[in-house]
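Descriptive analysis of the structure
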Amino acid sequence: MTYVNSLASVARGIEVKILIPGRTEQKIGEPLDDGIPIPQTSTDDIEVTNQDSGDWKEYKAGRKDGGECEIKCHAIAGDLGQIELAYASANGSTALFTVTFSDGSYLTFYGTVKTFDHTVEGQLLLISSKVKVSGEPIYSTSKSALTGLTVTGETLIPSSFAGTTYVYTTTIAAADTQAVIVPVQAAAGTTITVDGATVVSGGNGTITIGEAGTDVVRSVAVVVAEPSKAVTVYTVIIIRPSA
């Protein structure tokens, strides 16, 4: 049994990413055509039959359920996204999943990874993960975006912020033991998290780097969700030299 690098059954042009709060977003390698996680939603039935209902039972719509979906991909040794899937399954983590389709549309949802299994199909080693969807899946042709992002007292690279640039780097002083990330998006109903912690627009997302004297490279996820738009992840890479 061997690991594979690519096959025709790979879902070309479709990208699946996973972000566990407090960790780094990773792309899941080699998803298959029949292994793209698409939530199948349903609505509970609530019986409201009463003495005036006559011979027919009556119902109304209850709560909605995002259901369960599967991620299936070729097993690739060292694939960081697959490693995150295994971590989420082992630790009961609720993760953010982002599916980018070839037409430029997006699907984002939160889900708990229930299983992480190896299977064999046609002499190929595959990974299958079942994900229980939590909350409302969002399908949209528009992505959420920050209008500003800074690190207090530091310079970001690129130095000019753009909502469609998703990775920034900053280098802090050797004596610094923390960095403060300030995200901005004031649209009504927007939620923002920095390293998994909720932050208001223009508020401080304080990141603890640790004691001075050691080289540190830390990736911090900044997640923004505007109403009816796909959730977007920005990454701030913080570098601190030992001296």
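Below, the discussion takes up the overall build of the protein. A count of helical and extended segments in the protein gives one helix and 17 strands. Over its C-alpha atoms, taken along the principal directions, the protein stretches across nearly 80 × 55 × 35 Å. Residues counted as buried form 40% of the 243 residues belonging to the protein. Contacts in the protein between residues far apart in sequence, at least 24 positions, make up 62% of those at least 6 positions apart.

With that settled, the discussion passes to the nonpolar core. Of all hydrophobic cores here, the largest spans 22 residues; its most connected members are Ile-18, Ile-28, Leu-85, Phe-97, Phe-109 and Val-131. Secondary structure elements with two or more residues in this core: strand S1 (15-19), strand S5 (68-74), helix H1 (80-91), strand S6 (94-100), strand S7 (106-113) and strand S9 (124-140). Per-element accounting of this core gives the leading share, four residues, to S9. Not counting residues within four places of it along the chain, the set of residues in contact with Ile-18 comprises Thr-24, Glu-25, Gln-26, Ile-28, Gly-81, Glu-84, Leu-85, Ala-95, Leu-96 and Phe-97. Counting residues in each nonpolar core, the second largest holds 20 residues, with Leu-146, Ile-207, Val-220 and Val-222 among its members.

Another point: the packing of aromatic side chains. Across all of its chains, the model carries five aromatic pairs by this definition. An aromatic cluster is defined as three or more aromatic residues linked by ring pairs; in this entry it consists of Phe-161, Tyr-166, Tyr-168 and Tyr-234. Its guanidinium or amino end placed over the ring of Tyr-87, Arg-23 lies 3.7 Å from that ring's centre, counting from NZ or CZ. The residue whose ring lies beneath Lys-143 is Tyr-166, and the NZ or CZ to ring-centre distance is 4.2 Å.

Averaged over all residues, the pLDDT of the protein equals 92, while 95% of them reach at least 70. Here residues 1-10 scores under 50 on pLDDT; set against residues more than four positions off or in separate chains, the count is 28 contacts.

A few words on the sheet that holds strand S12 (residues 178-184). If you walk across this open sheet you meet the three strands as S10-S12-S15, and the pairing is antiparallel. Because the sheet does not close on itself, it has two edges, and the strands there are strand S10 (148-151) and strand S15 (205-208). On average, adjacent strands in this sheet sit at an angle of 20° to one another, irrespective of strand direction. With four bridges connecting them, S12 and S15 associate as antiparallel partners. Among the inter-strand pairings, Ile-181 is bridged to a residue of S15, identified as Gly-205.

Burial of the side chains of strand S13 (residues 191-194) is restricted to one face: Ile-192 and Val-194 are buried, whereas none of Thr-191 and Thr-193 on the reverse face is. Sheet topology note: the S13/strand S16 (residues 216-225) ladder contains four bridges and is antiparallel. Along S16, the bridge assignment pairs Thr-191 with Ala-225. For S13 and strand S14 (residues 197-198), the ladder comprises two bridges, and the chain directions are antiparallel.

Time to look at the pattern of salt bridges. Summed over the entire model, instances satisfying the criterion amount to nine salt bridges. Notably, a salt bridge pairs Lys-114 with Glu-68, separated by 2.7 Å at the nearest N-O pair. Taken together, the residues span a long stretch of sequence, with Lys-114 in the loop between S7 and strand S8 (117-121) and Glu-68 in strand S5 at a distance of 46 residues. Lys-114 gets classed as partly exposed once you look at its relative accessible area, which sits at 48%. A salt bridge links Asp-195 to Arg-218, with the shortest nitrogen-to-oxygen separation between them at 2.7 Å. On the criterion of sequence distance, the pair formed by Asp-195 in the loop between S13 and S14 and Arg-218 in strand S16 is long-range, its members being 23 residues apart.

Rules used in this analysis
Residues numbered from 1 in each chain as written. Predicted model: local features only at pLDDT ≥ 70, side-chain atom pairs only at ≥ 80, totals over all residues. Heavy atoms only, no water. Helix = DSSP H or I, 4+ residues; strand = E, 2+ residues; numbered from the N terminus. Buried < 20%, exposed > 50% of the residue type's maximum accessible area, 1.4 Å probe, protein only. Contact = heavy atoms within 4.5 Å. Core = buried A, V, L, I, M, F, W, Y, C linked by side-chain atoms within 4.5 Å. Phe/Tyr/Trp six-rings, centres within 6.5 Å; stacked < 30°, edge-to-face > 60°. Lys NZ or Arg CZ within 6 Å of the ring centre and 35° of its normal. pLDDT = per-residue confidence, 0-100. Pairing = 2+ DSSP bridges. Axes fitted to C-alpha atoms, helices over the stretch in contact; angles between N-to-C directions. Salt bridge = Lys/Arg side-chain N within 4 Å of Asp/Glu carboxyl O.

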